[in-house]
Amino acid sequence: MTAAIVVKDLRKRYKDREAVRGVSFEVAQGEIFGIVGPNGAGKTTTLEMMEGLRRRDGGSVQVLGMDPAREPYRVRERIGVQFQMTAIQEKMRVDEALALFASFYRRRGDVAKLIAMLGLQPYLGQSFKNLSGGWQQRVSLALAAVHDPEIIFLDEPSTGLDPAARRELWEMIRGLREQGKTIVLTTHYMEEAEQLCDRVAMFREGEVALLDQPKRLVARMAGWDYIDFVSDDASLADIERLPCVQRAVETDGCIRVHGDDVQQVALAVLVLADSRGWRIRNLRFAAGTLDDLFVLLAGGEASGEARREGSAAKGEGSVAMGEGSGVV
Amino acid sequence: MRSFVNLARSEVRLFFRERQAVFWTFLYPMLMIWLFGVIFGKQKLGGVSYAGMYVPSWIGVSVLTIALYTIGTTLTAYRERGILKRYQATPVRPWTVLGAHVVYGVLVLVLTAAVMIAEGRLLFGLTMPKSVGGVLFATLLSVFALFPFGLLLASLAKNVRSAAALSALVLNIMLLFSGATFPLAIFPAFLRSLAHWLPLYYVIDLLRTAWNQKGFAGSWSDVWVLLAIGVVSIALASRTFRWQDA
Ligand SMILES: Nc1ncnc2c1ncn2[C@@H]1O[C@H](COP(=O)(O)OP(=O)(O)O)[C@@H](O)[C@H]1O
Ligand SMILES: [Mg+2]
């Protein structure tokens, strides 16, 4: 693959805390690359160091072969940026904003085509503040793409959008990729990462915890089926003692039990419940999703350790968190 | 160059969409000239007609209000709303953005001045300056001193509200005590010496001289003080001015 972006051991420290702690990854040309992670994981900081908007404290960044800290203007000529908070003057009209931003660049994009693709035609005469959140987001996407950039950076583009608007946004991002653009986006919606991204880097506390194709990340979770049910009187400790059970957790009265053979697990749990007289409701089978992986990661070391211990004790290899993920 | 022209044009366009801003910028000085004209209109002040004193003086005040609000407070708002950061993510140079704002401010100033001069001629028999070049020079020098001064104040403010409050404070002190409104002669000595600490005092003195005399005789010190205010403000503002919050 030809790398559009190469990030090596990137670091950023704010006064009292290290926000980015040795992040490395590459983004291929034409790829949709996702950075996911909970709030405060360092996504925005990483993005803005790639855009040359924040000074880094260590490591290196190459964007289209250039260092954005050294040649910010040459880099900005060829990248498009959308911030988490859309920001243009409230009373500026959409067509005026497009013309203004287009005039900032030497390179000229096909603005008419962009307007058609984003469906902005009916809104060109509207001022920015009169648009709904979804349309404001489209305008800011248009501003990021107005000069036909090679790379587009999107910081949480779908935050605050309703599900329908979010799906439309995905279509537009795919459309931009079809024009050969490289897309780097951050999100905290796992579904978005799964649907949209070719590869996903999962950030946790300023580090890359996992990096892979979403379907391979999901596959890691595939062996990780579980049952869950609601019960007021079941004993977690007793369930964990069952030989076929790897691990049991309780959240808000919902008990989730993991094991390699979930059918066996279900049977064993039901038999146990019957003998102890527990009441079990809403029993269902479920498969691990990217969301589970995210929750696991966001939960940090504690849950990761517990899982590893759990599987080690039973001598079963399933998902080993935080290992073997590495950088591609 | 294309981005410079477009930015300036865009600012002017946005300005005229702000009804309140337009009202205050144009109507307020006109009202004040009229009001003070009702009070002092028939008097000769230091051998000069009312209009000859007050129209140049209000041109000076306009330079200050534009510096404080049209430039300073607006840029603080742009910083707070992330608009400056959005520009930063493009190839536009910081000096292009600032330069465009200066040009836009000068344009608003020219329009305000034209309106006030017209009013002075129609209502108060304003005579045109002996040396138009002298007035232009004095005005440009005032812009050179006060626009960076406004930017400096704005860069010291945490947010738009404190920028606006700071601007209001500075504007009111200068309006009262720099001789722009009430003649300094009516104040006690210690208030008169306060005037010498206010940049607007030098702007007003120079503009009045330029309008009513040939040459700056007796006012060259104003020129040097204003040059110094401009240079110092630019030096300080280029250190304190931020493009994004924190
Ligand atoms: N300008 C800043 N000054 C100080 N701390 C900051 C600044 N920006 C971000 N941080 C801190 O750095 C961490 C990472 O922030 P950020 O990159 O915005 O994360 P994310 O985008 O993943 O939510 C957070 O703990 C945040 O509070
Ligand atoms: Mg963020």
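Look up a bit, the structure's there.
Residues numbered from 1 in each chain as written. Chains lettered and ligands numbered in written order. Predicted model: local features only at pLDDT ≥ 70, side-chain atom pairs only at ≥ 80, totals over all residues. Heavy atoms only, no water.

## Here we look at the overall build of chain B
Across its full length, chain B carries 10 helices and 2 strands. Written out in order from the N terminus, the α and β elements of chain B read α-α-β-β-α-α-α-α-α-α-α-α. Against the compact-globule benchmark of 18 Å for 246 residues, chain B has a radius of gyration of 18 Å, which places it among compact chains. In terms of its C-alpha atoms, chain B occupies a principal-axis envelope of roughly 55 × 35 × 30 Å. Residue burial in chain B is summarised as follows: out of 246 residues, 54% are buried. When contacts within chain B are restricted to residue pairs at least 6 apart in sequence, long-range pairs at least 24 apart make up 78% of them. Carbon and sulfur atoms form 71% of the exposed surface of chain B, whose accessible area is close to 11,300 Å². With 21 positive and 7 negative side-chain charges, chain B shows a separation of 4 Å between the mean positions of the two kinds. (Helix = DSSP H or I, 4+ residues; strand = E, 2+ residues; numbered from the N terminus. Rg over C-alpha atoms; globule rule 2.2 N^0.38 Å. Buried < 20%, exposed > 50% of the residue type's maximum accessible area, 1.4 Å probe, protein only. Contact = heavy atoms within 4.5 Å. Areas by Shrake-Rupley, 256 points an atom, 1.4 Å probe, with all protein chains shown as cover. Lys, Arg positive; Asp, Glu negative; His and termini not counted. Charge placed at Lys NZ, Arg CZ, Asp CG, Glu CD.)

## Thoughts on the coordination of the magnesium ion (ligand 2)
Residues and elements named next belong to chain A. Surrounding the magnesium ion (ligand 2) are the protein donor atoms Thr44 (OG1) and Gln84 (OE1), at 2.0 to 2.7 Å. Placement of Thr44 in helix H1 (residues 43-50) and of Gln84 in the loop between strand E5 (79-82) and helix H3 (94-102) is noted, with a sequence separation of 40 residues between them. The partly exposed category is assigned to Gln84, whose relative accessible area is 40%. (Donors = N, O, S within 2.8 Å, 3.2 Å for Na, K, Ca; no water.)

## Notes on the sheet that holds strand E1 (residues 3-14) of chain A
Residues and elements named next belong to chain A. Across the sheet, 3 strands lie side by side as E2-E1-E4; this open sheet has antiparallel pairing. Each edge of the open sheet is held by one strand with a lone partner, namely strand E2 (17-28) and strand E4 (58-63). Taken pair by pair, the neighbouring strands of this sheet meet at an average axis angle of 15°, ignoring direction. As judged from the 9 bridges shared by E1 and E2, these two strands associate in the antiparallel manner. Within E2, the position partnered with Ala3 by the bridge is Ala28. Against the sheet, H1 makes contact with E1, E2 and E4, and its axis sits at roughly 120° relative to E1, the strand it touches most. (Pairing = 2+ DSSP bridges. Axes fitted to C-alpha atoms, helices over the stretch in contact; angles between N-to-C directions.)

## Quick word on the packing of helix H5 (residues 94-124) of chain B against helix H6 (residues 132-156) of chain B
Helices that pack against each other are described as a pair by the angle of their axes relative to one another and the distance between those axes. Residue and element names in this part refer to chain B. Running from N to C, H5 and H6 point in directions that differ by 125°, and their axes come no closer than 11 Å. For the element pair H5 / H6, the angle class is oblique. Note on packing geometry: the crossing formed by H5 with H6 is right-handed. Each of Leu98, Val102, Gly105, Val106 and Leu109 in H5 lies in contact with H6, whose residues at this interface are Thr139, Val143, Phe147 and Leu151. Its residues assigned to classes, the contact of H5 with H6 shows 7 nonpolar, 2 polar and no charged. (Parallel < 35°, antiparallel > 145°, perpendicular 65-115°, else oblique. Left-handed = near helix turned anticlockwise from the far one by under 90°. Nonpolar A, V, L, I, M, F, W, Y, C, P; charged D, E, K, R; others polar.)

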